[in-house]
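Geometric and topological summary
Residue strings, one per chain:
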Amino acid sequence: MNAKLERLSQILQIVFGGRLRSLTENLGEITVEVGAEDYLEVVRTLRDHAELRFEQLMDICGVDYSAYGNGETTCKPGRRFATVLHLLSLEHNWRLRVRAFSPNNDFPVLDSVCGLWASANWQEREAFDLVGIMYSGHTDLRRILTDYGFVGHPLRKDFPVSGYTEVRYDTEAGRVVYQPVTIEPRENAPRIVREAGYGEIGHV
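Everything in this summary refers to the structure shown in the same document. Keep in mind that this is a model prediction, so the values were computed, not measured.

In this model, helix α1 (residues 3-16) (14 residues) spans 20 Å end to end at C-alpha, consistent with the 20 Å of a helix rising 1.5 Å per residue. Elements that come into contact with the buried residues of α1 comprise β1 (20-26), β2 (29-34), α2 (39-48) and β5 (94-101). For α1, the N-terminal capping position is held by Asn 2, with its side-chain oxygen 3.1 Å away from the main-chain nitrogen of Lys 4.

If you want it as structure tokens, here you go:
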């Protein structure tokens, strides 16, 4: 960890103490994990504290960790849905990733940060639409990418690749209709054949 990240890490630990469930550094960026009960107050402090000043929200995404496992997972078993924020401090020129897990896998809910960053509005709607995370306090939480009649959340790991319904134009009815998927699921793993030495330096 370079001196700049070391300084940020020290400030975070001093300001938040035990409210940080974890603090890790990877690929030149620090990730902190906080509890759902502390999430809103922690990010408010990250924005307003003079030594932190993460005034810009770069991104929000919802993550389904149900199939996560690269052998180095820092996520505790049983916690499935998380919201991840990417923050930028223009004043101090450093970045931070903040992760908070919903305590309920059946009905994931976290506080909305729209009151802190107006740009969170559409990003939280996207996380709700695609992953199914509810944001308490969001004033207009509705689907943003899928159709209003869409069933399910397509970025959940248990959502079928083909979905549950398909849309087609019915000439007899004179309108678009929804119907159960007629495509049979199949696995299509292509066989790749390459000549010996492919990719090696000097190979023609």
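We now examine the nonpolar core. As a rule of thumb, soluble globular proteins bury nonpolar side chains together. If you look at the biggest cluster of nonpolar residues, it comprises 35 residues, and the most contacted ones within it are Leu 12, Val 43, Leu 46, Leu 85 and Val 98. Secondary structure elements with two or more residues in this core: α1, β2, α2, β3 (56-64), β4 (81-89), β5 and α3 (120-131). Top element by residues in this core is α1. It accounts for five residues. Ignoring sequence-local partners within four residues, the contact set of Leu 46 consists of Leu 12, Phe 16, Leu 52, Arg 53, Phe 54, Leu 87, Leu 96 and Val 98.

To continue, consider the pattern of salt bridges. This model, assessed by the stated rule, comprises 13 salt bridges. Here Arg 44 and Glu 41 are joined by a salt bridge, their closest N and O atoms 3.5 Å apart. A residue pair is termed a helical-turn pair when its members lie 3 or 4 positions apart in one helix, as Arg 44 and Glu 41 do in helix α2 at three residues. Taking the relative accessible area as the measure of exposure, Arg 44 reaches 30% and is therefore partly exposed. By sharing partners, the salt bridges in this structure join Glu 33, Arg 79 and Arg 99 into a single network.

A separate point is the pairing of β2. Among the six residues of β2, six are classified as buried, and the element is accordingly described as predominantly covered. Side chains Glu 29, Thr 31 and Glu 33 of β2 all project onto a buried face; the interleaved residues Ile 30, Val 32 and Val 34 project onto the opposite face, where all are buried too. Sheet topology note: the β1/β2 ladder contains six bridges and is antiparallel. Pairing of Ser 22 across the sheet is with Glu 33, part of β2. Hairpin connection, β1 to β2: the antiparallel pair is bridged by two residues, and Leu 27 has positive phi, about 55°. Note: β2 against β5, five bridges, orientation parallel. Looking at the pairing, Thr 31 lines up with Arg 97 of β5.

The final tally for this structure, using the stated rule, is three aromatic pairs. Ring centres of Phe 150 and Phe 159 lie 5.9 Å apart, and the angle between their planes is 25°; on these two criteria the pair is classed as stacked. In this structure an aromatic cluster arises from ring pairing among Phe 150, Phe 159 and Tyr 164. Positioned over the ring face of Phe 101 is Arg 79, at 4.3 Å from the centre of the ring.

Calculation notes
Residues numbered from 1 in each chain as written. Predicted model: local features only at pLDDT ≥ 70, side-chain atom pairs only at ≥ 80, totals over all residues. Heavy atoms only, no water. Helix = DSSP H or I, 4+ residues; strand = E, 2+ residues; numbered from the N terminus. Expected span 1.5 Å × (residues − 1). Contact = heavy atoms within 4.5 Å. Polar contact = N/O pair within 3.5 Å; in protein donor to acceptor, adjacent residues only side chain to side chain. Core = buried A, V, L, I, M, F, W, Y, C linked by side-chain atoms within 4.5 Å. Buried < 20%, exposed > 50% of the residue type's maximum accessible area, 1.4 Å probe, protein only. Salt bridge = Lys/Arg side-chain N within 4 Å of Asp/Glu carboxyl O. Pairing = 2+ DSSP bridges. Phe/Tyr/Trp six-rings, centres within 6.5 Å; stacked < 30°, edge-to-face > 60°. Lys NZ or Arg CZ within 6 Å of the ring centre and 35° of its normal.

Remember, this is a structural readout, not a statement about activity or role.
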